[in-house]
Amino acid sequence: MSIVPHWFLPTSGDGRTIVARRHADRGEAGSTAREASIDYLAQIARAAEAQGFHGVLTPTGTFCEDAWLTTAALLRETRTLRYLVAFRPGVLSPTLAAQMAATYQRVSGGRLMLNIVTGGDAVEQRRFGDHASHDERYARTDEFLTVLRGAWSPEPFDFTGAHYDVDGATTLAPPDPLPPVYFGGSSDAALPVAARHADVYLTWGEPPAAVAEKIGRVRKLADDLGRSPRFGIRLHVITRDTADEAWAEAARLLDALDPAEIERAQATLQASQSVGQQRMLALHRGSTDALTIAPNLWAGVGLVRGGAGTALVGSHTEVADRIAEYHELGIDEFVLSGYPHLEEVYRVGEGVLPELRRHGLLADPPR
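Residues numbered from 1 in each chain as written. Predicted model: local features only at pLDDT ≥ 70, side-chain atom pairs only at ≥ 80, totals over all residues. Heavy atoms only, no water.

Student: Teacher, can you tell me more about the pairing of strand S2 (residues 55-58) here?
Tutor: Along a regular strand, successive side chains alternate from one face of the sheet to the other. Side chains of S2 alternate between two faces, with Gly-55 and Leu-57 and Val-56 and Thr-58 buried alike. In terms of strand pairing, S2 meets strand S3 (residues 82-87) through 4 bridges, oriented parallel. Directly across from Thr-58, in S3, lies its bridge partner Val-85. The β-α-β motif built from S2, the intervening helix H2 (residues 67-74) and the parallel element S3 has right-handed crossover chirality. (Buried < 20%, exposed > 50% of the residue type's maximum accessible area, 1.4 Å probe, protein only. Helix = DSSP H or I, 4+ residues; strand = E, 2+ residues; numbered from the N terminus. Pairing = 2+ DSSP bridges. Right-handed = clockwise from strand over helix to strand, strands pointing away.)

Student: I would appreciate a short explanation of the pairing of strand S12 (residues 311-315) in the present structure.
Tutor: Judged by how many residues are buried, S12 sits mostly within the fold: 5 of 5 residues are covered. In the sheet, strand S9 (residues 230-240) pairs with S12 via 5 bridges, with the strands oriented parallel. Residue His-236 lies in a different strand from S12, and its bridge partner there is Ala-311. Where strand S11 (residues 297-298) lies against S12, 2 bridges are found, and the strand directions are antiparallel. Across the sheet, residue Leu-297 finds its bridge partner in S12, namely Leu-312.

Student: How should I be thinking about the packing of aromatic side chains in this particular structure?
Tutor: The full count for this structure, using the stated rule, is 8 aromatic pairs. Both rings, one in Tyr-138 and one in Phe-183, keep their centres 6.2 Å apart while their planes meet at 75 degrees; by these two values the pair is edge-to-face. Taken together, the positions of Tyr-138 in helix H5 (residues 134-151) and Phe-183 in strand S7 (residues 181-184) put the pair 45 residues apart, joining distant regions of the chain. In this structure Tyr-138 comes out as buried when scored by relative accessible area, which is 8%. (Phe/Tyr/Trp six-rings, centres within 6.5 Å; stacked < 30°, edge-to-face > 60°.)

Student: Looking at this model, I keep getting lost on the packing of helix H1 (residues 38-51) against H2. Mind explaining?
Tutor: Any two packed helices are characterised by the angle at which their axes cross and by the distance between the axes. Between H1 and H2, the least distance of the axes is 10 Å, while the angle of their chain directions is 65 degrees. Between H1 and H2, the crossing angle belongs to the class labelled roughly perpendicular. When the axes of H1 and H2 are compared, the crossing they make is right-handed. Every residue of H2 that contacts H1 at Ile-38, Leu-41 and Ala-42 is listed here: Thr-70, Ala-73 and Leu-74. (Axes fitted to C-alpha atoms, helices over the stretch in contact; angles between N-to-C directions. Parallel < 35°, antiparallel > 145°, perpendicular 65-115°, else oblique. Left-handed = near helix turned anticlockwise from the far one by under 90°. Contact = heavy atoms within 4.5 Å.)

Student: Looking at this structure, I do not really get the side chain of Arg-234. What am I missing?
Tutor: In this structure, Arg-234 sits in strand S9. One buried charged side chain, Arg-234, makes no salt bridge at all; its nearest oppositely charged neighbour is Asp-14, positioned 10.0 Å away. If sequence neighbours within four positions are ignored, Arg-234 has contacts with Phe-8, Leu-57, Thr-203, Trp-204, Gly-205, Arg-305, Ala-308, Val-335, Leu-336 and Ser-337. (Lys, Arg positive; Asp, Glu negative; His and termini not counted. Salt bridge = Lys/Arg side-chain N within 4 Å of Asp/Glu carboxyl O.)

Student: Looking at this model, I keep getting lost on the packing of helix H3 (residues 94-108) against H5. Mind explaining?
Tutor: The geometry of H3 relative to H5 is characterised by a closest axis approach of 8 Å and an angle of 45 degrees between their N-to-C directions. Accordingly, the angle class assigned to the pair H3 and H5 is oblique. Pair H3 / H5 crosses with right-handed handedness. Contact residues: Pro-94, Thr-95, Ala-97 and Ala-98 in H3; Phe-144, Val-147, Leu-148 and Ala-151 in H5. For the contact of H3 with H5, the class distribution of residues is 7 nonpolar, 1 polar and no charged. (Nonpolar A, V, L, I, M, F, W, Y, C, P; charged D, E, K, R; others polar.)

Student: Looking at this model, I keep getting lost on the pattern of salt bridges. Mind explaining?
Tutor: Pairs may arise between side chains of opposite charge once their charged atoms sit close together. Inspection of the entire model under this criterion finds 21 salt bridges. Arg-34 serves as the salt-bridge partner of Glu-343, at 2.7 Å between the closest nitrogen and oxygen. Highlighted residues: Glu-343 in helix H12 (residues 341-358) and Arg-34 in the loop between strand S1 (4-8) and H1, separated in sequence by 309 residues. Residue classification places Glu-343 among the partly exposed positions, given a relative accessible area of 24%. Linking Glu-333 and Arg-230 is a salt bridge whose minimum nitrogen-to-oxygen distance equals 3.1 Å. Here Glu-333 is found in strand S13 (residues 333-337), whereas its partner Arg-230 is found in strand S9, with 103 residues between them in sequence. The exposure class of Arg-230 is partly exposed, given its relative accessible area of 27%. Sharing partners across several salt bridges, the network here consists of Arg-240, Glu-249, Arg-252, Glu-344 and Arg-347.

Shown next as structure tokens:
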């Protein structure tokens, strides 16, 4: 299968430095150089579409704007671009989510993708009134996705479980096509849920051997269920015409980080219950001394940012080569980003995507 590229919508704000807003942090007013106005996000969405990206990921949490509303407002700004809407299943009814997704598909002409974020930070979850434990949240997500898909079936769907008890879940009409379900999680509680429900299993950018081990576990669990999910990866990108220029930009981003901010961010991130977040932290352990953790893979973003904390750094050819290596492991979908997201979508689109296209690795953009 060819590589499917996606971009990222920075709905918490953007700028020329690593934006230090974490998944459990509200951030400070005015802490970003560019606010996440609908006009600015529309510029990024239109640029991503023009450069041939298939979709854009929009995050979820109290640190950013709501993904459903923001992307719905952007639908008229684009024609083919898909929107990978992230949301937390524990904060709304699965039947309501099924209805929202069905409506979104009809309004957008089939451009919705769903990113299920179970949530790994207790502080963030409690803001939504969710006091379930880490493993309980994944058990609830399992039931949520069962009801969600059931509500899209031709007949009303009944379900009784530990977390949901619904009678006759349904929608006006099933979405057409059914939106693909993207799902991430690294814990023992998460992987079986991914195997049962994910159309695309997403991982954050770890060294290739670690990525291969993780997706191998998901593939084995899915094989046992007769399923064959696709696999995707979330990575930042720092790409330039030459490797020296790219690494100089990485150094500039690092120099702009205040040591006190790194210390504060690390304290917050270390409290996360997310196994994936702990794997990100283990790549650098809060130190700036050894951030290159694999060829062209730099862990500097994760010093202050929650979630995806690594970047591919190098010339356009080098970055394309590393993407091709991940593709050889079984990764088909790449959710990429860079600071600032407007300028960097052009760098990746004009520099890296043509390299992938020359090697016959790039899927055709949607029509």
